[in-house]
Amino acid sequence: MTNCHPRTFLLVSVSTLLLCAAFCMTGCKKNNWLDWKAQNAAWLAKNALQDSIRCTDSGLQYKVIRQGIYGTTPDDLKSVRIRYKGSLITGDVFEQNDDASFAVTGVVAGLQEGLKKMNKSGHFIFYIPQELGYGGDEQGTRGSSSNYIPPYSTLIFEVELYDVY
């Protein structure tokens, strides 16, 4: 729950970019997603350099807009009622809901981890690396800008926590 260490994310980003470049030199195809994966890794590395961004050991990045009421934090046994918007690094929104309820364990690992950092009436933005999201799996309908999530995507969730129960 500290600010990100710039050198750590720079090294990760450079390593990822070099690895992707090596694969592409050996003949990757346009639809291989390696370029998209590298773009997402570089975007996260740059995002981590912002003073307002906090990072966890797992790689989750987040920004606190409003802390909320202390003492009412979700855990694995709880459900939450939230308002959220999910988008990609391109700004494309793949999902949003003004009043959603679900179990904390019913979402991707990065969002589970993030929700547990929130307090009731809190407002956070989570930057979820693909390893804590959908990884190499695509979600939604390809060709649909309204719900498609490409493989290796960073997920950006803006979340307001209304209730914990």
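Residues numbered from 1 in each chain as written. Predicted model: local features only at pLDDT ≥ 70, side-chain atom pairs only at ≥ 80, totals over all residues. Heavy atoms only, no water.

**Student:** Could you clarify how one ought to interpret the overall build of the protein chain in this entry?
**Tutor:** If you tally the helices and strands in the protein chain, you get three helices and seven strands. When the helices and strands of the protein chain are listed from N to C terminus, the series reads β-α-α-β-β-β-β-α-β-β. A buried classification covers 41% of the 165 residues belonging to the protein chain. Here the contacts in the protein chain between residues at least 6 apart in sequence split such that 70% fall between residues at least 24 apart. Summing over all exposed atoms, the protein chain offers an accessible surface of approximately 9,100 Å²; the carbon and sulfur share of this is 53%. (Helix = DSSP H or I, 4+ residues; strand = E, 2+ residues; numbered from the N terminus. Buried < 20%, exposed > 50% of the residue type's maximum accessible area, 1.4 Å probe, protein only. Contact = heavy atoms within 4.5 Å. Areas by Shrake-Rupley, 256 points an atom, 1.4 Å probe, with all protein chains shown as cover.)

**Student:** How should I be thinking about the nonpolar core in this particular structure?
**Tutor:** The nonpolar side chains of a soluble globular protein tend to be buried, and buried together. In this structure, Ile82, Leu111, Leu115, Phe126, Ile128, Phe157 and Val159 are the most contacted members of the largest nonpolar core, which totals 25 residues. Elements represented by at least two residues in this core include exactly strand S4 (79–87), strand S5 (93–103), helix H3 (109–115), strand S6 (123–128) and strand S7 (155–164). Per element, the largest residue contribution to this core is five residues, and it comes from S7. With sequence-adjacent residues up to four places away left out, Val159 is seen in contact with Ile82, Arg83, Tyr84, Leu111, Leu115, Met118, Gly122, His123, Phe124 and Phe126. (Core = buried A, V, L, I, M, F, W, Y, C linked by side-chain atoms within 4.5 Å.)

**Student:** Just to check I follow, could you spell out the pairing of strand S3 (residues 61–66) for this structure?
**Tutor:** If a strand is regular, its side chains alternate between the two faces of the sheet. Of the pairings in the sheet, the one linking strand S2 (residues 54–55) to S3 comprises two bridges and is antiparallel in character. Along S3, the bridge assignment pairs Cys55 with Gln61. Between the antiparallel neighbours S2 and S3 lie five residues, among them Gly59 with a positive phi of about 110°. As judged from the five bridges shared by S3 and S6, these two strands associate in the antiparallel manner. Residue pairing for S6: Arg66 is matched across the bridge by His123. (Pairing = 2+ DSSP bridges.)

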